[in-house]
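Take a look at the letters that make up each chain.
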Amino acid sequence: NLFTGTLDPEHWTHFWTISYFGNWMAWAPVTALFLGRISYGHTVKDFIKINLAVPSLFCVFWIGIFGGSAIYYHLNVQDLYVLIQAEGFEKVLYQVLGFIPLGKITIPLIVFATFISFVTAADSNTNAIASVCTSGMSEEQMEAPVSMKILWGVIIGAMAAVMAVFTGVGGAKTLASIGGFPSMFLQMASCAALLKIMRNPGKYDIYSKKEEEGDKN
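A few points on the structure.

Cut-offs and rules
- Residues numbered from 1 in each chain as written.
- Predicted model: local features only at pLDDT ≥ 70, side-chain atom pairs only at ≥ 80, totals over all residues.
- Heavy atoms only, no water.
- Helix = DSSP H or I, 4+ residues; strand = E, 2+ residues; numbered from the N terminus.
- Buried < 20%, exposed > 50% of the residue type's maximum accessible area, 1.4 Å probe, protein only.
- Contact = heavy atoms within 4.5 Å.
- Areas by Shrake-Rupley, 256 points an atom, 1.4 Å probe, with all protein chains shown as cover.
- Salt bridge = Lys/Arg side-chain N within 4 Å of Asp/Glu carboxyl O.
- Core = buried A, V, L, I, M, F, W, Y, C linked by side-chain atoms within 4.5 Å.
- Phe/Tyr/Trp six-rings, centres within 6.5 Å; stacked < 30°, edge-to-face > 60°.
- Polar contact = N/O pair within 3.5 Å; in protein donor to acceptor, adjacent residues only side chain to side chain.

We now examine the overall build of the chain. Helix and strand counts for the chain come out as eight helices and zero strands. Across the chain, helices and strands are ordered from the amino to the carboxyl terminus as α-α-α-α-α-α-α-α. Here the chain, with 217 residues, has 15% of them falling under the buried criterion. A sequence separation of at least 24 residues applies to 41% of the contacts in the chain between residues at least 6 apart. With an accessible surface of roughly 16,300 Å², the chain has 71% of that area assigned to carbon and sulfur atoms.

Printed below as a string of structure tokens:
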């Protein structure tokens, strides 16, 4: 999305700016490493189905149900925009869940799911970063040392905590966007390497060569 909202007076247009590109680029390399690692041994069809199709369908149902509910309650029950201005977006989530039947059960489940989501993201990306910083990894041993995982987990957690305490959540988001700038060059190099491999894939297919050598022996 290249629409930055510079010429539009509405404030909501500034929430979805080109700065999000930096955030996505910061996540892309380590996320790609993690997805590639857990997808090893599976077909491309399985990868697309599990990592792309299923999450997309979940988002469609999630946004359709809770987004539609929020619009309904905003139009018929309470002005949620006033609540956003007064207490922030987070309060709206709990307010809408409070309107929905079984809200006392749904709210703890949503909080728990959010916690699991953050823990899973932190663990997977810490694992991917530790793998990049570990030498001597092979097809048989694809796990980075636990000490390396702990080191990167502490570094990332400390940086996020410092930014959140001294600059607020916005500062932590800014740090993530800034981190995407050097990742942009890494992704450009990866794209160039992919094009090079596509021109002569047999030259870089070391696994097929190992199998052929094993068959000869």
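Counting across every chain of the model gives one salt bridge. Linking Asp46 and Lys49 is a salt bridge whose minimum nitrogen-to-oxygen distance equals 3.9 Å. Here Lys49 and Asp46 lie together in helix H2 (residues 44–76), a separation of three residues that amounts to about one turn.

Ranked by size, the top nonpolar core spans eight residues in total: Tyr73, Leu80, Leu83, Val92, Val96, Leu97, Ile100 and Ile110. Put simply, the parts of the chain that give this core at least two residues each are helix H3 (80–87) and helix H4 (89–99). Ranked by residue count, the leading element in this core is H4, at three residues. Those residues within four positions of Leu97 in sequence are excluded, and the remaining contacts are Phe66, Gly103, Thr106, Ile107 and Ile110.

Scanning the model with the defined rule gives four aromatic pairs in all. Summarising the aromatic geometry, the rings of Tyr73 and Phe99 are spaced 5.0 Å apart at their centres and angled 45° between planes, so their arrangement reads as tilted. Here Phe99 lies in helix H4 and Tyr73 lies in helix H2, a separation of 26 residues in the sequence. One aromatic cluster is present, formed by Phe58, Trp62 and Phe66 through successive ring pairs.

Our next topic: the side chain of Ser39. Residue position: Ser39 is located in the loop between helix H1 (19–38) and H2. According to the relative accessible area criterion, Ser39 is buried, its value standing at 15%. There is a polar contact of 2.6 Å between the side chain of Ser39 and the backbone oxygen of Leu35.

Interpretation note: all reported values are geometric properties and have no functional meaning in isolation.
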